[in-house]
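Coordinate inspection notes
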Amino acid sequence: MGKVLGIAIQNYGSLQNIKMGQLYSDRQGKPLGNMVAIIGPSGNGKSTLADAFGFISDCLSTDVESACDARNRGGYEQILSQRMKGPIRFEIYYRETSNARPITYELTIAKDKNGRPYVQEERLRQRVQKTGRPMSFLYLIEGKGYAFEGATGGQDDDGVITGNKSDVELSDTRKLGIVTLGSMKQYTRIEQFLEFLRSWYLCYFSPDTARQIQTAAPTPYLNREGSNLNNVAQYMYRENPKDFEKILAYIQTKIPNITKIQPVKLQNGQMYLEFWQDGFAEPFFSQRMSDGTLKLFAYYLLLHEKNPRKLVFIEEPENGLYHRYLPDLAAEMAKNVGTGYSKQLFVTTHSPFFVNALSPKDVWVLEKGADGFSNARRASDYEFVEELVSEGAFMGDLWYSRYFG
């Protein structure tokens, strides 16, 4: 479980200094909800925001230098905000459950004396009691510092210590300390936070890759491009055929002109999906389905994962989809994530039809300031937006009519 209550990003491309939601450094903000839609004109930072989440995820699986070079980022100098000397900073305000005390994660990435990116500073902190200042239970500067064992304890800024403190020195300052220490059972809170970050799913679904025939290797989760769509279906069918058939029966009601979706297992163990369409006596295989049908199916399948990823980020789900399908898809996403701490969904979109299904508190607007950098503002903070929606107006229509954003 877990949820991002707020995030701040500094010096990452066009995101020179943005804040979204509630933070330890800005507790006046309202926490992010389970559904977070990011809108705004092209070139205003939506893809950069998605990439910032992807960058953090890549840092976990490799190191900060490799993450700077990955996915055509072009290295540290290319992702650093123009005219800025650095460093790049992230602050994530996170809560595990409704009863848990929030945790702040701060990550600073700079260049070393040789001009290579490294982890300059890394910190995790949490209040020991319900009130009072947070205490750091992980604090590393230049790879050296301390960590606290167990589920409690820490050190405050005055040096007061509670709990079991261990001195720490990393051998590689390009790797995140939470990755090294989070693999050790004694650092309970670091382990839990690392598990939360590793559960993030950044979706870059491509219908062409989804059409690929995969070997017989059932997998529980869609990969970033969706090339293992049939493998995920195979896994879900193998784990519980009746439940999977119920999921398929539900999804087919959401995809126009589809009367039945049926899994078919080959002799070599592979599985593919048959789509039965109105007006045709024979089914179509997934490899022959339209881009829109495959995308809709993948999104609905993603929403019905048995053990869902805690944070999912989808860029522009409207691409390739008929505009009348989008309100239902957005409403399904908002309903699926609910109000608890099991799942959170971030979506970038240009579609007012998608936004029509959302509430003012769900929508954030990215706009360019006079300095060329992006600013983030919640739609509910614009004058009259909440009043107009309460009187029956739709968010997407207000956005299209330039009442905000």
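Structure's up top.
First, a word on what this report is: a plain description of the structure on this page.

Here we come to the overall build of the chain. From N to C terminus, the chain includes 13 helices and 19 strands. Relative to the 2.2 N^0.38 estimate, which gives 22 Å for 405 residues, the radius of gyration of the chain is 23 Å and therefore close to what a compact globule would have. Along the first, second and third principal axes, the C-alpha set of the chain runs to 75 × 55 × 45 Å. Out of the 405 residues belonging to the chain, those deemed buried represent 53%. Counting only contacts in the chain whose residues sit at least 6 apart along the sequence, the fraction spanning at least 24 positions is 56%. Across the chain, the mean location of the 48 positive side-chain charges is 2 Å away from that of the 47 negative side-chain charges.

Before going further, it helps to spend a moment on helix α5 (residues 188-198). The set of residues buried in α5 consists of R189, I190, F193, L194, F196 and L197. For α5, the angular spread of the buried residues around the axis is 155°, confining them to a single face.

Let us look at the state of the cysteines. Across all of its chains, the model carries 0 disulfides by this definition. Unpaired in this structure, C68 has its nearest cysteine sulfur neighbour in C59, at a distance of 6.7 Å. With relative accessibility at 1%, the residue C68 sits in the buried group.

The next subject is the sheet that holds strand β18 (residues 363-368). With respect to topology, 6 strands assemble into an open sheet ordered β12-β16-β17-β3-β18-β19, the strand pairing being mixed. For this open sheet the edge positions go to β12 (201-203) and β19 (374-378), each flanked by a neighbour on one side alone. Ignoring which end each strand starts from, the neighbouring axes of this sheet average 20° apart. Relative to strand β16 (residues 311-315), β12 runs parallel, the two being bridged by 3 bridges. Residue C203 lies in a different strand from β16, and its bridge partner there is I314. Those strands touched by helix α10 (residues 326-337) are β3 (35-39), β16 and β17 (344-348), and its axis lies near 155° from that of β17.

Any two aromatic rings considered together are summarised by their centre-to-centre distance and by the angle between their planes. As enumerated under the stated definition, the model contains 20 aromatic pairs in all. Judged by centre distance (6.4 Å) and plane angle (35°), the ring pair of F193 and F196 falls under tilted. In this pair, F193 and F196 both sit in helix α5, 3 residues apart, roughly one turn of the helix. Per residue, the accessibility class of F193 equals that of F196, and both read buried. Through a chain of ring-to-ring contacts, the aromatic side chains of F53, Y94, Y105, F193, F196, W200, F313 and F346 assemble into a single cluster. A cation over a ring is seen here: R189 above F137, with NZ or CZ 4.0 Å from the ring centre.

Grouped together as the largest cluster of nonpolar side chains are 60 residues, with contacts concentrated most on F90, L176, I178 and W200. Considering every element that reaches this core, the biggest residue donor is helix α1 (residues 46-61), with 8 residues. Among residues more than four places away in sequence, those in contact with F90 are A8, I9, Y12, A52, F55, I56, Y105, E106, L107 and I109. Grouped together as the second largest cluster of nonpolar side chains are 53 residues, I251, V312, L326 and L398 included.

Contact geometry for helix α9 (residues 291-303) and α10: axes closest at 10 Å, N-to-C directions at 15°. Our classification of the angle between α9 and α10 gives roughly parallel. The way α9 lies across α10 gives a crossing that is left-handed. Contacts between α9 and α10 involve L296, Y299, Y300 and L303 on the former and, on the latter, D328, L329, E332, M333 and N336. Tallied by class, residues from the contact of α9 with α10 come to 6 nonpolar, 1 polar and 2 charged.

We now examine the pattern of salt bridges. Tallied over the entire structure, the rule returns 18 salt bridges. The partner of R174 in a salt bridge is D112, and the shortest N-O contact between them spans 3.2 Å. With a gap of 62 residues between them, R174 in the loop between β11 (165-169) and α4 (177-181) and D112 in the loop between β5 (103-111) and β6 (117-126) connect regions that are remote in the sequence. Of the two residues examined, R174 and D112, each falls in the buried class. Between R238 and E239 there is a salt bridge, and its shortest N-O distance comes to 3.8 Å. Its relative accessible area of 52% is what places R238 among the exposed residues.

This paragraph deals with the environment of K144. Note that K144 resides in strand β8 (residues 144-148). C-alpha separation for the pair K144 and E121, spaced 23 residues apart in sequence, amounts to 9.2 Å.

Where like charges cluster on the molecular surface, the negative patch consists of D381, E383, E386, E387 and E391. Position of D381 among the secondary structure elements: in the loop between β19 and α12 (385-390). Residue D381 is classed as partly exposed on the basis of its relative accessible area, which comes to 48%.

Attention now goes to the environment of E332. Secondary-structure assignment places E332 in helix α10. For E332, a relative accessible area of 8% gives the class buried. As a C-alpha pair, E332 and L366 span 34 residues in sequence and 24 Å in three-dimensional space. Excluding residues within four positions of it along the chain, E332 makes contact with Y250, K254, Y300, L303 and H304. Within polar-contact distance, the side chain of E332 engages the side chain of Y250 at 2.9 Å.

Conventions we followed
- Every chain's residues receive numbers from 1 upward, in the order its sequence appears when written.
- Confidence filtering applies because this is a predicted model: local features only for residues at pLDDT of at least 70, side-chain atom pairs given and counted only at 80 or more, and all residues used for totals across whole chains, interfaces and linings.
- Think of the side-chain values as coming from all heavy atoms in the structure, minus any hydrogens and water.
- Each helix is a run of DSSP H or I of at least 4 residues and each strand a run of E of at least 2, with the numbering of both proceeding from the N terminus.
- Radius of gyration: over C-alpha atoms. The globule rule applied is 2.2 Å multiplied by the number of residues raised to the 0.38 power.
- Burial classification: accessible surface area is computed with a 1.4 Å probe over protein chains only, and a residue below 20% of its type maximum counts as buried, one above 50% as exposed, and the rest as partly exposed.
- Throughout, a contact is declared for two residues whenever any of their heavy atoms are within 4.5 Å.
- When charges are counted, Lys and Arg are positive and Asp and Glu negative, with His and the chain ends excluded.
- A single reference atom marks each charge: NZ on Lys, CZ on Arg, CG on Asp, CD on Glu.
- Think of the arc as the fan of directions from the helix axis to the C-beta atoms.
- Two cysteine sulfur atoms make up a disulfide if the distance between them is within 2.5 Å.
- Strands pair, by our definition, only if DSSP identifies at least two bridges between them.
- Only the stretch in contact is used when fitting a helix axis, every axis being a line fitted to C-alpha atoms; angles between N-to-C directions are given from 0 to 180 degrees.
- The pairing test for Phe, Tyr and Trp rings, Trp by its six-membered ring, is centres within 6.5 Å, and the orientation test on the planes gives stacked under 30 degrees, edge-to-face over 60, and tilted for anything in between.
- We call a charge positioned above a ring when the Lys NZ or Arg CZ atom is no farther than 6 Å from the ring centre and deviates by at most 35 degrees from the ring normal.
- In plain words, nonpolar cores are sets of buried Ala, Val, Leu, Ile, Met, Phe, Trp, Tyr and Cys residues tied together by side-chain atoms within 4.5 Å.
- An angle below 35 degrees is read as roughly parallel, one above 145 as roughly antiparallel, one from 65 to 115 as roughly perpendicular, and any other as oblique.
- Left-handed describes a crossing whose near helix is turned anticlockwise from the far helix through less than a right angle; right-handed describes the clockwise counterpart.
- All amino acids are sorted into three groups, where Ala, Val, Leu, Ile, Met, Phe, Trp, Tyr, Cys and Pro are nonpolar, Asp, Glu, Lys and Arg are charged, and the leftover types, Gly among them, are polar.
- Salt bridges are defined as contacts in which a side-chain nitrogen from Lys or Arg sits within 4 Å of a carboxyl oxygen from Asp or Glu.
- Each patch is built from salt-bridge-free residues with over 30% relative accessible area, joining like charges within 9 Å and nonpolar side chains (Val, Leu, Ile, Met, Phe, Trp, Tyr) within 5 Å.
- With residues, only the protein chains shown are counted as cover, and all accessible areas are computed by Shrake-Rupley using a 1.4 Å probe.
- For the purposes of these results, a polar contact is taken to be a pair of N or O atoms within 3.5 Å, where, inside protein, one atom must be able to donate a hydrogen and its partner to accept one; residues adjacent in sequence count only when each atom of the pair is a side-chain atom.

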